[in-house]
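Residue-level listing of the chains:
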Amino acid sequence: MGLGGITLVVAAIVWLAIFVPGFSKRSELKANSSIVKRDAKIAQAQTPMTADEKLNRLVNTQRFFSVLFALFLIGSIAAGLATTTNAGWWTAFGASALFAVLSILVSRAASVQASAIASKLHRTRQEVRKKASSQRPIIEDRAWVPNPIPAPLNQPKVGEFVDNLADVVEIQRPENIFDSKELDAILARRRAI
C-alpha cells in the first residue's frame, strides 16, 4: 500500500468519524423542528379566534368579495355587450352575472357580521372606559392655588427679642501702602512670569 492508499484510508476514517455523525445529528434536528412546527400549527388551529381577529378576517373577506363583484360585474357588462353582436356569449353573461350576485351577497353577509362584532367591541370598550372613569377620584376644584411660602427663618418668634446689630470693629490703616510706581513694578514682574 502506497501513500495514496494510506491517504484514502485516513480520509475514510475522518469521513466516518466527523461527517457521518454530523449528518445524523442534522437529520435529528430537522425531525425535531418539524415536530415542533407541526405541534405549533395544531395548537394555533385549536385556539379560538379573538373578536379583533374575527373582525379583521371579516373585513378582509368583505374587501375580497367586493373586488370579485366589481370584476364579475365588468365581465357581465362586457359579455352583455358581446351578446348583441354574437349570440354565443349568453352563457358567459349569465355566469358572470350569477357570480357577481353571489359575490355581493357574500360581501354583504361579511359586512353585517363585521358590523355586529364591531358594535359589540365598541360597547364593551365603552363600558370599560365608564368603569375606569367612575373609579377615578373626582377633583372638583381645578382652580390655581398658589404654593404657600415658608416663613423666613430669621424672623423672631413671639416673645423673643433678637438683636440683629453687628459688633463695631475699627478698621486700621495697613502699614505697607504702595505708591503707583511700586505697584507698576510688581505687576510688571508678574506679567513677565
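Since we're looking at a predicted model, the values are computed, not measured.

Engineer: An account of the overall build of the chain is requested, with residue identities and associated values reported.
Structural biologist: Across its full length, the chain carries four helices and zero strands. Overall, the chain shows an N-to-C arrangement of helices and strands of α-α-α-α. Per-residue burial for the chain yields a buried fraction of 8% across its 193 residues. A sequence separation of at least 24 residues applies to 68% of the contacts in the chain between residues at least 6 apart.

Engineer: I'd like a rundown of the packing of helix 2 (residues 51–85) against helix 3 (residues 90–135), residues and numbers included.
Structural biologist: Two numbers describe how helix 2 lies on helix 3: the axes approach to 7 Å, and their chain directions differ by 160°. Considering their axes alone, helix 2 and helix 3 lie roughly antiparallel with respect to each other. As helix 2 packs across helix 3, the resulting crossing turns out to be left-handed. Looking at the contact of helix 2 with helix 3, its residues break down into 23 nonpolar, 12 polar and four charged.

Engineer: I'd love a proper account of the pattern of salt bridges, names of residues and values included.
Structural biologist: Following the criterion strictly, the structure yields one salt bridge and no others. One salt bridge connects Asp52 with Arg125, and the closest N-O pair in it is separated by 3.2 Å. Placement of Asp52 in helix 2 and of Arg125 in helix 3 is noted, with a sequence separation of 73 residues between them.

Engineer: Break down helix 3 for me, citing the residues and quoting the values.
Structural biologist: For helix 3, which comprises 46 residues, the first-to-last C-alpha distance of 67 Å matches the rise-based estimate of 68 Å (1.5 Å per residue) to within 8%. Of all the positions in helix 3, only Ser96, Ala100, Ser103, Ser107, Ala110, Ser111, Ala114 and Leu121 are classed as buried. Here the buried face of helix 3 lies against helix 2.

Engineer: Can you tell me about a nonpolar patch on the surface, naming the residues and giving the values?
Structural biologist: Where nonpolar side chains cluster on the molecular surface, the patch consists of Ile6, Val10, Val14, Trp15, Leu16, Ile18, Phe19 and Val20 and spans about 740 Å² of accessible area. Looking at the secondary structure, you find Leu16 in helix 1 (residues 3–46).

Definitions and limits used
Residues numbered from 1 in each chain as written. Predicted model: local features only at pLDDT ≥ 70, side-chain atom pairs only at ≥ 80, totals over all residues. Heavy atoms only, no water. Helix = DSSP H or I, 4+ residues; strand = E, 2+ residues; numbered from the N terminus. Buried < 20%, exposed > 50% of the residue type's maximum accessible area, 1.4 Å probe, protein only. Contact = heavy atoms within 4.5 Å. Axes fitted to C-alpha atoms, helices over the stretch in contact; angles between N-to-C directions. Parallel < 35°, antiparallel > 145°, perpendicular 65-115°, else oblique. Left-handed = near helix turned anticlockwise from the far one by under 90°. Nonpolar A, V, L, I, M, F, W, Y, C, P; charged D, E, K, R; others polar. Salt bridge = Lys/Arg side-chain N within 4 Å of Asp/Glu carboxyl O. Expected span 1.5 Å × (residues − 1). Patch = residues over 30% accessible without salt bridge, like charges linked within 9 Å, V, L, I, M, F, W, Y side chains within 5 Å. Areas by Shrake-Rupley, 256 points an atom, 1.4 Å probe, with all protein chains shown as cover.

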